[in-house]
Amino acid sequence: MSDRAVLHVKGRVLVGPDDVRDELWVVGGRISYERPAGARDIRTVEGWALPGLVDAHCHVGLDAHGPVSDDVSEKQALTDREAGTLLIRDAGSPSDTRWIDDRADLPKIIRAGRHIARPRRYIRNFAHEIEPDDLVAYVAQEARRGDGWVKLVGDWIDRGTGDLGACWPRATVEAAIAEAHRLGARVTAHCFAEDSLQDLVEAGIDCVEHATGLTEDTIPLFAARGVAIVPTLVNIATFPRLAAGGESKFPRWSAHMRRLHERRYDTVRAAYDAGIPVYVGTDAGGSLAHGLVAGEVAELVTAGIPPVEALSATTWGARRWLGRPGLDEGAPADLVVYEGDPRADVRVLAAPRRVVLNGRIVG
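A brief structural summary.

Thresholds applied
- Within each chain, residues carry numbers counting from 1 in the order of the written sequence.
- Predicted model: local features are reported for residues with pLDDT of at least 70 only, side-chain atom pairs are reported and counted for 80 or more only, and whole-chain, interface and lining totals are derived from all residues.
- Calculated side-chain values reflect all of the structure's heavy atoms, with hydrogen atoms and water omitted.
- Paired strands, as defined in this entry, are two strands with at least two bridges between them according to DSSP.
- Secondary structure elements follow DSSP: runs of H or I of four or more residues count as helices, runs of E of two or more count as strands, with numbering from the N terminus.
- Any Lys or Arg side-chain nitrogen found within 4 Å of a carboxyl oxygen on Asp or Glu counts as a salt bridge.
- Remark: exposure states derive from per-residue accessible area (1.4 Å probe, protein chains only) relative to the maximum for the residue type, with buried under 20%, exposed over 50%, and partly exposed in between.
- Axis definition: a line fitted to C-alpha atoms, limited for helices to the stretch in contact. Angles are taken between N-to-C directions and run from 0 to 180 degrees.
- The definitions used throughout rest on a 1 Å grid laid over the protein atoms alone, on which a cavity is an enclosed set of points accommodating a 1.4 Å probe that cannot get out and a pocket is an open set flanked by protein within 12 Å on both sides along at least five of seven lines; lining residues are those having an atom within 4 Å of a point.
- Grid points are joined across faces, edges and corners, and a volume is the space filled by probe spheres set on the points.
- When residue character is reported, Ala, Val, Leu, Ile, Met, Phe, Trp, Tyr, Cys and Pro are called nonpolar, Asp, Glu, Lys and Arg charged, and the others, Gly included, polar.
- An angle below 35 degrees is read as roughly parallel, one above 145 as roughly antiparallel, one from 65 to 115 as roughly perpendicular, and any other as oblique.
- Here, residues are in contact when the closest pair of their heavy atoms is within 4.5 Å.

**Brief notes about the sheet that holds strand β4 (residues 42-51)**
Logical step 1: With mixed pairing, the seven strands of this open sheet are ordered in space as β3-β2-β1-β4-β18-β19-β20. Every interior strand has two partners, whereas the edge strands, β3 (30-32) and β20 (360-361), have only one.
Logical step 2: Here three bridges tie strand β18 (residues 335-338) to strand β19 (residues 354-357), and the two strands are oriented antiparallel to one another. What sits directly across from Leu 335, in β19, is Val 356.

Right, here's the structure in full:
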C-alpha cells in the first residue's frame, strides 16, 4: 500500500467485546469510522477484526544463553508479528532493542529493562546479579532505561536449601518498589513459589509473573490490592521436564515444581474467580519459541477463564492495562483480521487472515 492508499476493513470490527461495528477505515496509518471523502485507492479486507494482540510477558533480544544479535531479535519480533502480536511487554532483556522503535513494520515494545536478580539465583547471562544493598540503585537505573516497568526475580532455586526460595528481604524490596514508583515505573516480579508473594504484594508490587505459588491465603491479598498476574501457562507446561532434569541434584525443588504444575489450572481459575486481573504472556525468548500467543489464550480457557475474558486478556483489557489504544478513532491502525468470531472460539487466533501494523498490511 502507498502512503496515500486507504484500507477498508469490513465485516465485524470488535472495538470491544460488545461494541461490534460493520467497518473501519485506515487513512494515513490511523483508524477512522467515517469513510474518507474522495478516497480512490482503496484496498478492502474482510473478516473479524481485533486490536493487535498483546503478549505481556515476552523477551525480544534473548535466548536460552543470554543476549542475541539484532538479526535474531528481528526474527523473534517478526515471528510474534506473524502470530498477530503487535504489542509486547518485554519482561526483561539484556539486549538493547531500541532500534526496533524505528521500524514501523515491527511490533511495538514496552520494556522492563533488564532482569534484576541475586548472584547465582537466576539463569546465567540474563540478569543484573546484585546483592540486596544495591537493589534500590539498580531498580532506579532500570526504571530510567525501561518504558514504565521494572522486572525483579522474586524467587529462584536456593542451592543451600535445595528448593525455591525468596530472593529479597522485605525492607529492601519495599524501598526498591517505592523508588520505582517515585520514578513513574511499575514493578513486576518472576515468582514460581509461595513464600515471596505476601512480602512483594504488601511492599506495593504491581504485577507478578507466573504466580504458580498463589494459595487461598495470598489470593485475597492480590485481589484486595489489585495486583495483576501473567500466568504464562505455555511456559508452566515445561515444569515436568525441568523437574526431571533436576531430580538427582535437587529432589525437593523437583517435587515442588511438579506440585506447582499439577495445580496450575486450579490456581489460575481461583485467581480469576477472586477478581485478580489476568493477562496473556508467553515467556517467549529464554527457552520458549516466539509466536505462542494463541496457545496461551487457549490455555487460559482450559484453566476455566471464559473465552471472552481470555480474549480480553490479550486485546481490549491488556491494552487498557498497558495504557495503549485499541481500535479507537484516530489510533494507530494495529489490528488482526480472522476468518471467524474469536469470541465463539479462541482457536481462531492461531490463523490470522491479515495482520495490519501502523496501517500497512504486513501479514
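**Thoughts on the pattern of salt bridges**
Side-chain pairs of opposite charge can arise where the charged atoms are in close proximity.
Logical step 1: Enumeration according to the criterion identifies 24 salt bridges in this entry.
Logical step 2: In this structure, the salt-bridge partner of Glu 247 is Arg 258, at a minimum N-O distance of 2.7 Å. Of the two residues, Glu 247 sits in the loop between α7 (239-246) and α8 (251-262) while Arg 258 sits in helix α8, which places them eleven residues apart along the sequence.
Logical step 3: We classify Arg 258 as partly exposed; its relative accessible area is 28%.
Logical step 4: Through salt bridges with shared partners, one network takes in Arg 98, Asp 101, Arg 111 and Asp 147.

**Observations regarding the sheet that holds strand β9 (residues 108-111)**
Logical step 1: On the basis of which strands lie adjacent, the open sheet formed by three strands has the order β5-β8-β9 and parallel pairing. Each having just a single partner strand, β5 (53-58) and β9 make up the two edges of the open sheet. The average angle at which neighbouring strand axes cross in this sheet is 20°, direction not considered.

**So, the layout of surface pockets**
Rolled over the atoms, a probe with the dimensions of a water molecule shows which regions are left empty.
Logical step 1: Computed from the structure, the largest pocket encloses a volume of approximately 710 Å³.
Logical step 2: What lines the largest pocket is a set of 28 residues, among which Tyr 122, Ile 123, Trp 156, Leu 242 and Ser 287 lie closest to the centre.
Logical step 3: Among the elements that take part in the lining of the largest pocket, α7 stands out by supplying three residues, more than any other.
Logical step 4: The class makeup of the residues in the lining of the largest pocket is 13 nonpolar, ten polar and five charged.
Logical step 5: As for the second largest pocket, its lining consists of 15 residues, and the residues nearest its centre are Ser 93, Ser 95, Asp 96, Gly 113 and Arg 114.
Logical step 6: Taken together, the residues that form the lining of the second largest pocket break down as two nonpolar, six polar and seven charged.

**With respect to the packing of α7 against α8**
Logical step 1: The N-to-C vectors of α7 and α8 enclose an angle of 170°; their axes lie 8 Å apart at closest approach. It follows that α7 is roughly antiparallel to α8 by the angle criterion. Contacts between α7 and α8 involve Phe 239, Pro 240, Leu 242, Ala 243, Ala 244 and Gly 246 on the former and, on the latter, Pro 251, Trp 253, Ser 254, Met 257, Arg 258, Leu 260 and His 261.

**Re empty space enclosed by the protein**
Logical step 1: Applying the stated criterion across every chain yields a total of one cavity of 30 Å³ or more.
Logical step 2: One number sums up the size of the largest cavity: a volume of about 50 Å³.
Logical step 3: Here the lining of the largest cavity gets four residues from one element, more than from any other, and that element is helix α9 (residues 264-273).
Logical step 4: Residues of the lining of the largest cavity, tallied by class, amount to seven nonpolar, three polar and one charged.

All we've got here are geometric facts, nothing functional implied.
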